[in-house]
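# A look at the structure
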Amino acid sequence: MLIRIDQSAATPLFEQVAASVRRAIADGSAAPGERLPGARDLAASLDLNVHTVLRGYQLLRDEGLIDLRRGRGAVVAAGATRGRLQEAVRELVAEARRHGMSAPELMELVDKEMA
């Protein structure tokens with residue numbers, strides 16, 4: 001898995017680390033059960049402080065995308081690929097219902113966004 005950051009970007013480095021892992025999970029290049037690079041190794045390769053990487057990993061853990069365990073490291077969570085997306089869909093459907101939107105109307109909006 002390739003994790004990229006831009007030292008000159010306005011986005012905090014820990015968020016860039018987390019975003020890179022999120023992308024890898026979303027595009028399938030990081031599968032459930034796969035180990036992520038160790039925090040020290042990743043920090044060294046990206047020229048970051050280890051605490052910056054750990055903060056990014058902790059953010060992903062809080063989102064339910066990875067499991068962090070002492071001695072085992074960071075591992076992509078079993079339900080990482082669909083869990084958050086499913087929750088977002090539930091929230092979107094609930095919001096659409098509050099606005100009186102029908103399923104075909106919602107699907108039309110989704111289709112426009114996906115195009």
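Relevant structure appears above.
Let me begin by describing the structure that accompanies this report. (Residues numbered from 1 in each chain as written. Predicted model: local features only at pLDDT ≥ 70, side-chain atom pairs only at ≥ 80, totals over all residues. Heavy atoms only, no water.)

## Notes on the layout of surface pockets
Estimated volume of the largest pocket: approximately 450 Å³. Lining the largest pocket are 17 residues; nearest its centre among them are Ala39, Arg40, Leu54, Gly71 and Gly73. If you list the elements that add at least two residues to the lining of the largest pocket, you get helix 2 (39-46), helix 3 (50-62), strand 1 (66-69) and strand 2 (73-76). Residue composition of the lining of the largest pocket, by class: seven nonpolar, four polar and six charged. (1 Å grid on protein atoms, 1.4 Å probe; cavity = no way out; pocket = protein on both sides within 12 Å on 5 of 7 lines; lining within 4 Å. Points joined across faces, edges and corners; volume = space filled by probe spheres on them. Helix = DSSP H or I, 4+ residues; strand = E, 2+ residues; numbered from the N terminus. Nonpolar A, V, L, I, M, F, W, Y, C, P; charged D, E, K, R; others polar.)

## Considerations on the nonpolar core
Ranked by internal contacts, the top residues of the largest apolar core, which has 22 residues, are Ile25, Leu36, Leu42, Val53, Tyr57, Leu60 and Ile66. With five residues, the single largest contributor to this core is helix 1 (residues 13-26). For Ile66, the residues in contact, after removing those within four places along its chain, are Leu36, Tyr57, Leu60, Arg61, Ala74, Val75, Val76 and Ala77. (Core = buried A, V, L, I, M, F, W, Y, C linked by side-chain atoms within 4.5 Å. Buried < 20%, exposed > 50% of the residue type's maximum accessible area, 1.4 Å probe, protein only. Contact = heavy atoms within 4.5 Å.)

## Quick notes on the packing of helix 2 against helix 3
It is the contact of helix 2 with helix 3, at a shortest axis distance of 8 Å, that shows an interaxial angle of 120°. The angle between helix 2 and helix 3 places the two elements in the oblique class. Crossing angle aside, the handedness with which helix 2 passes helix 3 is right-handed. When helix 2 is examined against helix 3, the residues Ala39, Arg40, Leu42 and Ala43 are found in contact with a partner set consisting of Val50, Val53, Leu54 and Tyr57. When grouped by side-chain class, the residues that make up the contact of helix 2 with helix 3 number seven nonpolar, no polar and one charged. (Axes fitted to C-alpha atoms, helices over the stretch in contact; angles between N-to-C directions. Parallel < 35°, antiparallel > 145°, perpendicular 65-115°, else oblique. Left-handed = near helix turned anticlockwise from the far one by under 90°.)

## Some points on helix 5 (residues 103-114)
Relative to the 16 Å expected for twelve residues at 1.5 Å per residue, helix 5 spans 16 Å between its end C-alpha atoms, a close match to the ideal helical length. For helix 5, the buried fraction is low: one of the twelve residues fall into the buried class. (Expected span 1.5 Å × (residues − 1).)

## Digging into the packing of aromatic side chains
As enumerated under the stated definition, the model contains zero aromatic pairs in all. One cation-aromatic arrangement involves Arg55 over Phe14; the distance from NZ or CZ to the ring centre is 3.9 Å. (Phe/Tyr/Trp six-rings, centres within 6.5 Å; stacked < 30°, edge-to-face > 60°. Lys NZ or Arg CZ within 6 Å of the ring centre and 35° of its normal.)

## Details of the environment of Glu95
For Glu95, the position within the fold is in helix 4 (residues 83-98). Judged by relative accessible area, Glu95 falls into the partly exposed class, the value being 35%.

## Focus on unusual backbone geometry
With a phi angle near 60°, Asp47 is a residue other than glycine that sits in the positive phi range. The topology assignment puts Asp47 in the loop between helix 2 and helix 3.

## Brief notes about the pairing of strand 2
Where strand 1 and strand 2 come together, four bridges link them in antiparallel fashion. Residue pairing across strands places Arg69 opposite Gly73, the latter belonging to strand 2. Here strand 1 folds back onto strand 2 in antiparallel fashion, the turn holding three residues, of which Gly71 has a positive phi close to 85°. (Pairing = 2+ DSSP bridges.)

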